[in-house]
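Residues per chain, in single letters:
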Amino acid sequence: MIIGQTQRYAVHVMGTVFSFCVAAPADRTARAVSAAVAELRAVDAAFSPYRTDSMVARIRRRELAPSAYPPELIEVVDACGAMNGATDGWFDAWGLSGGFDPSGLVKGWGTERAAACMLAAGVEDFAVSAGGDVLVRGCAPHGGRWRVGIRDPYDPAAVVLVLELTDAAVATSASYERGPHIVAPHAGSTVVTLASATVVGPDLATADAYATALYAAGTPGLAWFNVASDYCAFTLDDRLVATFSDGVPQTWLP
């Protein structure tokens, strides 16, 4: 890392904006980001529920049998099943009327694969913002931890909490960008009681799925979340009252 040298890129993919902040020389960064973006586009092509030629669309049309699933699809299906069990059924990729939809996990999964491309290209210090979810690796440009702000659900110019992290993932579920879109599986509707739910841990795919489930379940979901190893969370209700999970660092607490 060269302290103070920062490169920034942004690209629209997977229905949102991915932003890259990299503490590395420009030539190395450009190659790494190009590989990462190519991986994100490949993930979108394979898993988008909105593309008629994606594997997800083919599963919904019953054109792709489980025996023919390629390894990456098996990985995502297995991860969705594991998160369904870990969230007491509140994360359910099969619970929507349209059929199988792994979107609540696959954005984080794809971001992790993009990060692996960055690391393989020799870039070790970077942050990726994936439509509000964040993955950080190594050190920030100033040489210390990355500072990740958690947005106020009602004010896009304000933050409710700032986290200092390294080698971590932060996922937030809310309705302020896409409107009500997360179905509560046990209720069968998009009715929720929270303004947002944020999960922090080592893996963005898992954090993404946990945040989706917590947002759907509401604060009572922290009861099953509290058994999650290496992950912590906080929820904000409609009055911005925060409730924290077990294991939250003291530096997070007000």
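Residues numbered from 1 in each chain as written. Predicted model: local features only at pLDDT ≥ 70, side-chain atom pairs only at ≥ 80, totals over all residues. Heavy atoms only, no water.

Trainee: Explain the overall build of the protein to me, please; I cannot follow it from the model alone.
Mentor: When helices and strands are counted, the protein shows six helices and 10 strands. In terms of C-alpha radius of gyration, the protein reaches 18 Å, essentially the compact-globule figure of 18 Å for 254 residues. Along the longest, intermediate and shortest principal axes, the C-alpha atoms of the protein span 50 × 45 × 30 Å. Counting all 254 residues of the protein, 51% fall into the buried class. Sequence separation of at least 24 residues holds for 55% of the intrachain contacts in the protein that already meet a minimum separation of 6. (Helix = DSSP H or I, 4+ residues; strand = E, 2+ residues; numbered from the N terminus. Rg over C-alpha atoms; globule rule 2.2 N^0.38 Å. Buried < 20%, exposed > 50% of the residue type's maximum accessible area, 1.4 Å probe, protein only. Contact = heavy atoms within 4.5 Å.)

Trainee: Just to check I follow, could you spell out the side chain of S196 for this structure?
Mentor: Inspection of the secondary structure assignment puts S196 in strand β8 (residues 194-201). The contacts of S196, once residues within four sequence positions are left out, are P153, T172, S173, A174, Y215, F234, T235 and L236.

Trainee: Honestly, helix α5 (residues 204-217) in this entry has me stumped. Any pointers?
Mentor: In an α-helix, one turn spans 3.6 residues, which is why side chains three or four residues apart end up on the same side. The first and last C-alpha atoms of α5 sit 19 Å apart over 14 residues, in line with the 20 Å expected at 1.5 Å per residue. A large share of α5 lies buried, amounting to 14 of its 14 residues. Here α5 starts with a cap whose side-chain oxygen sits 3.2 Å from the backbone nitrogen of A205, and that cap is D203. G218, located one to two residues past α5, shows a positive phi value of around 85°. (Expected span 1.5 Å × (residues − 1). Polar contact = N/O pair within 3.5 Å; in protein donor to acceptor, adjacent residues only side chain to side chain.)

Trainee: Is there a simple way to think about the side chain of T212 in this case?
Mentor: Residue position: T212 is located in helix α5. For T212, a relative accessible area of 13% puts it in the buried group. A distance of 3.0 Å separates the side chain of T212 from the backbone oxygen of D208, its partner in a polar contact.

Trainee: Whenever I open this one, the nonpolar core confuses me. Can you help?
Mentor: Among soluble globular proteins, nonpolar side chains are generally buried collectively. F18, F20, F47, L105, M118, V199 and F225 are the most contacted members of the largest nonpolar core, which totals 62 residues. Broken down by element, the residue count for this core peaks at 11 residues, all from α5. Non-local contacts of M118, meaning those with residues more than four positions away in its chain, are made with F20, V22, A32, V33, A36, V123 and F126. Counting residues in each nonpolar core, the second largest holds 20 residues, with V134, A140, V148 and A168 among its members. (Core = buried A, V, L, I, M, F, W, Y, C linked by side-chain atoms within 4.5 Å.)

Trainee: Sorry if this is basic, but what is going on with the packing of aromatic side chains here?
Mentor: Any aromatic ring pair is given by two values, namely how distant the centres are and how the planes are angled relative to each other. Counted according to the given criterion, the structure contains six aromatic pairs. Between the aromatic rings of W94 and F100, the centroid separation amounts to 5.3 Å while the plane-to-plane angle is 35°, which identifies the pairing as tilted. Residue W94 is classed as partly exposed on the basis of its relative accessible area, which comes to 40%. Overall, F100 belongs to the buried group, its relative accessible area being 6%. Here the aromatic cluster, defined as three or more aromatic residues joined through ring pairs, consists of Y210, F225 and Y231. (Phe/Tyr/Trp six-rings, centres within 6.5 Å; stacked < 30°, edge-to-face > 60°.)

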